[in-house]
Amino acid sequence: MGIRSSVLLCGFSVALAAFSLPPAGGGAALAAPDKPTSTQRKGSGLPIPRFASLRSDEVNVRTGPGARYPVDWMFKRKAMPVEIVAEYENWRKIRDWQGASGWVHQSLLSGKRSFIISAKTASLHKTPAASAEVVAKLEPEVMGEIRSCAGDWCRVRVSGVSGWIERSGMWGVYKSEPIN
C-alpha cells in the first residue's frame, strides 16, 4: 500500500469516527421532533387566529399558499376585515365574515383593524353605554375602522362619524380582545 492510499484510508477513518460520536453534551443522538429545523416553513410568529384587513381594492384569493395555485375568487373591498387562520411562509389563509376562506399573499393584508356589521342593524352611540345617545344606525355590510376596544364596547369611525358600538354587533374583533 502506498503513501497516497494510507492518507486516504486515514482520512476516511477520521471522518467515519466523527459521524459515530455522540453529540456534544452527551444527549440523545436525535433532535426532539418539536424543535424547528431549517426545512420547516415559518410564518410571522404572530398569534393565530388574528384579525387583519385587506390592503387593496382587488385581492386574489388562491386555493393554496403560493402563486402556482389557481385564483379561486377575488375580494373587491379595500379595508374589509378578515381573520387569519393559518400561515405558510409569506402566505396567509384568511376567512371572511361570511365564512369563505382561501390563501392570500401577506403583502395584500394590513394590520389596521376594521369591522363589518354582519347580521342586523347596529347602533353607534355617543358614549360606551346602551342608554347613550344614538348618533347613527349601521346597516348590515357597513364597514368601519376600529379605533380602540375595552370591555364590551369599541370606539369606531364610519364615514367620518365616530362613536361607540357593542362588540356583539360587529365582526372583526374577538370577544375580550383589547385594542389600543
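Residues numbered from 1 in each chain as written. Predicted model: local features only at pLDDT ≥ 70, side-chain atom pairs only at ≥ 80, totals over all residues. Heavy atoms only, no water.

In this structure, what is going on with the packing of aromatic side chains? I would like to understand it.
The geometry of an aromatic ring pair is captured by the separation of the ring centres together with the interplanar angle, meaning the angle of the planes. Under the counting rule described, the total for this entry stands at three aromatic pairs. When the centroid spacing of 4.5 Å and the interplanar angle of 45° are considered together, the rings of Phe51 and Tyr174 count as tilted. Note that Phe51 is positioned in strand β1 (residues 50–54) and Tyr174 in the segment after β13 (161–166), a separation of 123 residues in sequence. Their ring planes at 70° and their centres at 4.6 Å tell us that Trp73 and Phe75 sit as a pair that is edge-to-face. When its relative accessible area of 25% is taken as the criterion, Trp73 is described as partly exposed. (Phe/Tyr/Trp six-rings, centres within 6.5 Å; stacked < 30°, edge-to-face > 60°. Helix = DSSP H or I, 4+ residues; strand = E, 2+ residues; numbered from the N terminus. Buried < 20%, exposed > 50% of the residue type's maximum accessible area, 1.4 Å probe, protein only.)

How should the nonpolar core be read in this particular structure?
Soluble, globular proteins show a tendency: their nonpolar side chains are buried together. Of all hydrophobic cores here, the largest spans 16 residues; its most connected members are Leu54, Phe75, Met80, Val82, Ile94, Val104 and Leu109. Only β1, β2 (59–62) and β4 (81–88) provide two or more residues apiece to this core. Tallying contributions element by element places β1 first for this core, with three residues. With residues near it in sequence (within four places) discarded, Val82 still touches Arg50, Phe51, Ala52, Ser53, Leu54, Phe75, Ile94, Arg95, Leu109 and Trp171. Core analysis: the second largest hydrophobic core is formed by 14 residues, Ile117, Leu138, Val158 and Ile165 among them. (Core = buried A, V, L, I, M, F, W, Y, C linked by side-chain atoms within 4.5 Å. Contact = heavy atoms within 4.5 Å.)

Just checking my understanding: could you explain unusual backbone geometry for this structure?
Phi is mostly negative for residues that are not glycine, and the peptide bonds are mostly trans. Residue Pro49 is bonded to the preceding Ile48 through a cis peptide linkage, with omega at 0°. Even without glycine at this site, Ala79 takes up a positive phi of about 75°. Secondary-structure assignment places Ala79 in the loop between β3 (71–75) and β4. Exposure remark for Ala79: the relative accessible area of 34% places this residue in the partly exposed category.

Could you clarify how one ought to interpret the pairing of β1 in this entry?
Regular strands show a simple pattern: their side chains alternate between the two faces of the sheet. The buried count for β1 comes to five of five residues, which makes it a mostly enclosed element. Sheet topology note: the β1/β4 ladder contains four bridges and is antiparallel. If you follow Ala52 over to β4, its bridge partner there is Val82. Inspection of the sheet shows β1 paired to strand β7 (residues 109–110) by two bridges, in the antiparallel sense. (Pairing = 2+ DSSP bridges.)

What am I meant to see in the environment of Trp164 here?
Mapped onto the secondary structure, Trp164 falls in strand β13. In the structure, Trp164 is positioned 16 residues away from Ser148 in sequence and 9.5 Å away in space, judged by C-alpha atoms. In this structure Trp164 touches Ser123, Leu124, His125, Lys126, Thr127, Pro128, Ser148, Trp153, Cys154 and Arg155, once residues within four positions along its chain are discounted.

I tried to follow the layout of surface pockets on my own but got confused; where do I start?
Where empty space is left in the structure can be found by rolling a water-sized probe over the atoms. Approximately 270 Å³ is the volume attributed to the largest pocket. Of all elements in the fold, only β1, β11 (143–150) and β12 (153–158) reach the threshold of two or more residues within the lining of the largest pocket. Broken down by element, the residue count for the lining of the largest pocket peaks at four residues, all from β11. A breakdown of the residues in the lining of the largest pocket according to their chemical character gives five nonpolar, five polar and six charged. Considered as a void within the structure, the second largest pocket measures approximately 210 Å³ in volume. Along the walls of the second largest pocket sit 15 residues, with Leu46, Arg50, Phe51, Ala52 and Ile84 positioned nearest its centre. For the lining of the second largest pocket, the leading source of residues is β1, giving three residues. Residues belonging to the lining of the second largest pocket are distributed by class as follows: seven nonpolar, four polar and four charged. (1 Å grid on protein atoms, 1.4 Å probe; cavity = no way out; pocket = protein on both sides within 12 Å on 5 of 7 lines; lining within 4 Å. Points joined across faces, edges and corners; volume = space filled by probe spheres on them. Nonpolar A, V, L, I, M, F, W, Y, C, P; charged D, E, K, R; others polar.)

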